[in-house]
Amino acid sequence: MTECEKIIFDTLDSWNIPYKVYNHTARDTVEEKASLDRELGISARHCKNIFLTDRKGSCFYLLVMPFEKTFRTAEVSKELGTSRLSFASPERLLEKLRCTPGNLSSLSLIFDKEEEIGYALDRELLSCEELCFHPNIDTTTVTIKTEDFLKKYLPKIHRTPAIVTVTDKSE
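This text gives an overview of the structure that appears in the document. Remember, predicted model here, so these are calculated numbers, not experimental data.

This part covers the sheet that holds strand S4 (residues 86–87). Overall, mixed pairing links the 5 strands, which are arranged S4-S2-S3-S5-S8 in an open sheet. At either end of the open sheet lies a strand with only one pairing partner, and these are S4 and strand S8 (162–164). As paired elements, strand S5 (residues 117–122) and S8 share 3 bridges and run parallel to each other. Each residue of the ladder has a partner; that of aspartate 122, found in S8, is valine 164.

Listed in full, the buried residues belonging to helix H4 (residues 90–97) are Leu93, Lys96 and Leu97. For H4, the buried positions fall inside an angular range of 80° around the axis, keeping them on one side. When the buried face of H4 is taken as reference, the exposed residues oriented beyond 90 degrees from it are Glu91 and Glu95. Buried residues in H4 make contact with strand S2 (47–53), strand S3 (60–66) and S5. Arginine 98, located one to two residues past H4, shows a positive phi value of around 60°.

A separate point is the environment of serine 77. Position of serine 77 among the secondary structure elements: in helix H3 (residues 73–80). Beyond its immediate stretch of four places on either side in the chain, serine 77 contacts Thr82, Ser83, Arg84 and Leu85.

On to the sheet that holds strand S7 (residues 140–145). Spatially, 3 strands are ordered S1-S7-S6 in an open sheet, and the strand pairing comes out antiparallel. Every interior strand has two partners, whereas the edge strands, strand S1 (20–23) and strand S6 (130–133), have only one. The sheet shows a mean angle of 25° between the axes of neighbouring strands, taken without regard to direction. Taken together, the 4 bridges between S1 and S7 define a ladder with antiparallel strand orientation.

According to the stated counting rule, one finds 12 salt bridges in the structure shown. Of the charged contacts in the structure, one is a salt bridge between glutamate 116 and lysine 96, with a shortest N-O distance of 2.7 Å. Linking glutamate 116 in the loop between H4 and S5 with lysine 96 in helix H4, this pair joins segments that are 20 residues apart in sequence. Of the charged contacts in the structure, one is a salt bridge between aspartate 112 and arginine 159, with a shortest N-O distance of 2.3 Å. With aspartate 112 in the loop between H4 and S5 and arginine 159 in the loop between helix H5 (146–156) and S8, this pair connects stretches of sequence that are 47 residues apart. Note on aspartate 112: relative accessible area 5%, which makes it buried. Through salt bridges with shared partners, a single ionic network connects Arg45, Glu68, Lys69, Asp122 and Glu124.

This part covers helix H1 (residues 3–14). Between its terminal C-alpha atoms H1 stretches 16 Å, which fits the 16 Å expected from 12 residues at 1.5 Å a residue. Listing the buried residues of H1 in full gives Cys4, Glu5, Ile8, Phe9, Thr11 and Leu12. Summarising the axial view, the buried residues of H1 lie within an arc of 160°, below the 170-degree limit, and thus occupy one face. Summarising the geometry of H1, the exposed residues directed more than 90 degrees from the buried face are Glu3 and Ser14. Residues of H1 that are buried make contact with S1, S7 and H5. Directly after H1, the chain includes asparagine 16, whose backbone phi takes a positive value near 55°.

Reading guide: rules and limits
- Residues numbered from 1 in each chain as written.
- Predicted model: local features only at pLDDT ≥ 70, side-chain atom pairs only at ≥ 80, totals over all residues.
- Heavy atoms only, no water.
- Pairing = 2+ DSSP bridges.
- Helix = DSSP H or I, 4+ residues; strand = E, 2+ residues; numbered from the N terminus.
- Buried < 20%, exposed > 50% of the residue type's maximum accessible area, 1.4 Å probe, protein only.
- Arc of directions from axis to C-beta.
- Contact = heavy atoms within 4.5 Å.
- Axes fitted to C-alpha atoms, helices over the stretch in contact; angles between N-to-C directions.
- Salt bridge = Lys/Arg side-chain N within 4 Å of Asp/Glu carboxyl O.
- Expected span 1.5 Å × (residues − 1).

What follows is the structure, given as structure tokens:
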């Protein structure tokens, strides 16, 4: 177990937030994640997590949306009422949330002690029973009931999500 995983699990335990842990090999595509779900019996919804910054590099957001949706910068920037957002650098991700690309999730916000990173959540995820997260490593999946995530976890990290609608690429 990595140091970040231990911190995340210890924090969830101290906050009495129930979760399940699944260890596995890294999976990158929708098809690979579906195969993993079948193998391990995971029914929770996988999320795509994108670390964003404004043009000045002074404002940061974590956008969480269904894994199969496509991020469109203009759409999300408009919904958040901010200048055009783009992907933040891997260096900033490591500095701010102690993780590297592919390992980011809402659980990473435990490391944002200054509470400077905005949080945006796609509306579609609100109707899911459970959500999947990585604890800063993509070979472990954590599932948490959406109700516990919204009513226990987010208040503990002092976040009220900006609810956005990322349109499906087929729309």
